[in-house]
Amino acid sequence: MRVLVTGGAGYVGSHTVLALIEAGHTAVIADNFSNSNRAVLERLESIADVPIECHEVELTDDEATDRLFSAGDIDAVIHCAGLKAVGESVSAPLEYYRNNLDSTLTVAGAMAKHGVRRLVFSSSATVYGAGHTSPLSEDSWPLESSNPYGQTKVIIERMLTDIAAANTGWKVALLRYFNPVGAHSSGLIGEDPRGIPNNLMPFVAQVAVGRRERLTVHGDDYDTADGTGERDYIHVVDLAAGHVAAVDHLDSMATDVRAFNLGTGRPTSVLGLVGAFERASGQAVPYVVGPRRDGDLAVAYADPSRARAELGWAAARSIEEMCADTWRWQQANPTGMSSQLVS
């Protein structure tokens with residue numbers, strides 16, 4: 001299949017592009033590079049050893065997106081593009097709603113016009129909000145997020161469900177990510193946040209490599225084994241394989257729309273991850289304990305049994321492998337994707 005990956009130069013998108021190529025598909029990247037680096041294309045081609053078609057396009061632009069679909073036959077779309085920082089979404093909700101909803105509507109409109117009916121959507125476990133108990137199941141209802149980023153995912157899932165219901169032949173897989181971490185084993189691509197990281201793993205890695213002085217642990221008085229919050233971390237390479245499994249499964253889905261959790265089903269605490277990273281890197285990760293953050297849950301992890309049963313997919317990599325691959329990436333790229341690679 002010829003698969004368009006929107007946001008294909010980003011963290012999850014770039015690993016998904018590689019996974020598609022390794023599975024024998026042709027991957028086409030669409031990205032506006034607002035939150036990614038153009039250097040990723042050369043690195044992807046180096047790993048894959050094939051040229052990769054890439055279009056710089058603003059997906060909220062109807063005409064530009066239509067030209068993208070007119071440029072070559074597209075068999076399926078993996079829609080990863082979108083703004084994704086929870087904290088930023090709270091301070092800039094208008095930007096998040098406008099970008100994430102408009103880009104999805106524009107892509108869906110172009111798909112309808114050009115007869116493309118297969119879609120894998122990059123959703124999030126944030127759609128479960130605070131009202132459900134772990135392990136979190138795809139049947140949990142209602143979906144309601146505590147932040148604008150998560151709410152865009154809730155709304156988009158609803159939009160895509162309605163579009164598929166009203167238009168014969170659509171097949172949509174909603175992939176609810178838990179906490180993607182890690183990097184490609186080559187050390188050439190990995191998570192490259194701009195500014196202060198919004199997620200735990202890149203912050204830990206930047207402390208270990210000396211870019212930041214210390215980590216702040218937000219709360220150590222939760223009802224967990226060590227008092228810190230527990231989350232379901234999934235290796236980004238496993239996550240990328242989940243996208244390929246979903247694309248390959250679309251035509252055989254019994255329903256027009258189906259949600260799938262992509263997680264390990266195993267929670268790891270903040271201090272558990274810090275300890276694993278210290279062992280993998282051989283570096284100390286100094287931290288201080290700060291107050292809890294509003295909206296943070298004590299525990300959140302997936303029930304991934306549906307993906308295992310229906311997609312034939314399961315996460316394979318351990319938290320130790322996630323830390324080791326992140327450290328390899330961080331050492332080789334101490335200042336991110338723009339680094340001169342360190343051998």
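The model shown is predicted, which means the values in this text are computed figures rather than measured ones. (Residues numbered from 1 in each chain as written. Predicted model: local features only at pLDDT ≥ 70, side-chain atom pairs only at ≥ 80, totals over all residues. Heavy atoms only, no water.)

## Some points on empty space enclosed by the protein
- Applying the stated criterion to the full structure yields 4 cavities of 30 Å³ or more.
- Along its surface, the largest cavity is lined by Tyr11, Val181, Gly182, Glu191, Met201, Pro202, Ala205, Thr326, Trp329 and Gln330.
- Taken together, the elements giving at least two residues each to the lining of the largest cavity come down to helix H7 (200-208) and helix H11 (319-332).
- By residue class, the composition of the lining of the largest cavity is 6 nonpolar, 3 polar and 1 charged. (1 Å grid on protein atoms, 1.4 Å probe; cavity = no way out; pocket = protein on both sides within 12 Å on 5 of 7 lines; lining within 4 Å. Points joined across faces, edges and corners; volume = space filled by probe spheres on them. Helix = DSSP H or I, 4+ residues; strand = E, 2+ residues; numbered from the N terminus. Nonpolar A, V, L, I, M, F, W, Y, C, P; charged D, E, K, R; others polar.)

## A short note on the pairing of strand E5 (residues 118-124)
- Counting buried residues along E5, 6 of its 7 residues qualify, which places the element largely inside the surrounding structure.
- Two elements, strand E4 (residues 76-79) and E5, share 3 bridges in a ladder whose sense is parallel. Note that in E5 the partner of Ile78 across the bridge is Val120.
- Across 7 bridges, E5 lies against strand E6 (residues 171-177) in parallel orientation. When the bridges of E6 are listed, Ser122 appears paired with Leu175. (Buried < 20%, exposed > 50% of the residue type's maximum accessible area, 1.4 Å probe, protein only. Pairing = 2+ DSSP bridges.)

## Topic: the nonpolar core
- Counting 41 residues, the largest nonpolar core has Leu44, Val120 and Leu175 as the members making the most contacts within it.
- The dominant element in this core, judged by the number of residues it contributes, is helix H8 (residues 236-249), at 7 residues.
- Among all residues touching Leu44, those that are not within four sequence positions of it are Gly8, Ser14, Val17, Leu18, Ile29, Ile52 and Ile189.
- By size, the runner-up hydrophobic cluster in this structure holds 28 residues, among which are Leu68, Ala110, Met111 and Phe121. (Core = buried A, V, L, I, M, F, W, Y, C linked by side-chain atoms within 4.5 Å. Contact = heavy atoms within 4.5 Å.)

## A word on the packing of helix H5 (residues 93-114) against helix H6 (residues 148-166)
- It is at 10 Å that the axes of H5 and H6 come closest, and there the two elements cross at 25 degrees. As summarised for this structure, H5 and H6 are arranged roughly parallel, according to the angle between their axes. In this structure, H5 crosses over H6, and the sense of that crossing is right-handed. Mapping the contact onto sequence places Pro93, Tyr96, Tyr97, Asn100, Leu101, Thr104, Leu105 and Ala108 in H5 and Pro148, Tyr149, Gln151, Thr152, Ile155, Ile156, Met159, Leu160 and Ile163 in H6.
- Classifying every residue of the contact of H5 with H6 by side-chain character gives 13 nonpolar, 4 polar and no charged. (Axes fitted to C-alpha atoms, helices over the stretch in contact; angles between N-to-C directions. Parallel < 35°, antiparallel > 145°, perpendicular 65-115°, else oblique. Left-handed = near helix turned anticlockwise from the far one by under 90°.)

## Some points on the environment of Thr26
- Structurally, Thr26 can be placed in strand E2 (residues 26-31).
- Placed 176 residues apart in sequence, Thr26 and Pro202 show a C-alpha to C-alpha distance of 30 Å.
- Not counting residues within four places of it along the chain, the set of residues in contact with Thr26 comprises Met1, Arg2 and Val3.

## Some thoughts on the layout of surface pockets
- Computed from the structure, the second largest pocket encloses a volume of approximately 310 Å³.
- Trp141, Glu157, Leu174, Arg176 and Ala259 are the residues nearest the centre of the second largest pocket, which is lined by 15 residues in total.
- Elements that contribute at least two residues to the lining of the second largest pocket include exactly H6, E6 and strand E11 (257-262).
- With 4 residues, H6 is the largest single contributor of residues to the lining of the second largest pocket.

## With respect to the side chain of Ser281
- Mapped onto the fold, Ser281 is located in helix H9 (residues 270-281).
- Side-chain polar atoms of Ser281 contact the backbone oxygen of Phe277, separated by 2.8 Å.
- For Ser281, the side chain forms a polar contact with the main-chain nitrogen of Gln283, separated by 3.1 Å. (Polar contact = N/O pair within 3.5 Å; in protein donor to acceptor, adjacent residues only side chain to side chain.)

## Details of the sheet that holds strand E3 (residues 53-56)
- Taken in spatial order, the 7 strands make up an open sheet running E3-E2-E1-E4-E5-E6-E11, and their pairing is parallel. Strand pairing shows two members of the sheet lacking a second neighbour, E3 and E11, which therefore form its edges. Across the sheet, the axes of successive neighbouring strands diverge by a mean angle of 20 degrees, strand direction being ignored.
- Bridge count for strand E1 (residues 2-6) against E4 is 4 bridges, and the pairing is parallel. In the sheet register, Val5 faces E4, and the bridge partner there is Ile78.

## Comments concerning the pattern of salt bridges
- Here the structure, examined in full by the defined rule, presents 14 salt bridges.
- A salt bridge links Glu157 to Arg176; the nearest nitrogen and oxygen atoms lie 2.7 Å apart. Taken as a pair, Glu157 in helix H6 and Arg176 in strand E6 lie far apart in primary sequence, 19 residues in all.
- Among the salt bridges present, the one from Arg258 reaches Glu310, with a minimum N-O distance of 2.6 Å. Of the two residues, Arg258 is situated in strand E11 and Glu310 in helix H10 (residues 305-311); the sequence distance between them amounts to 52 residues. (Salt bridge = Lys/Arg side-chain N within 4 Å of Asp/Glu carboxyl O.)

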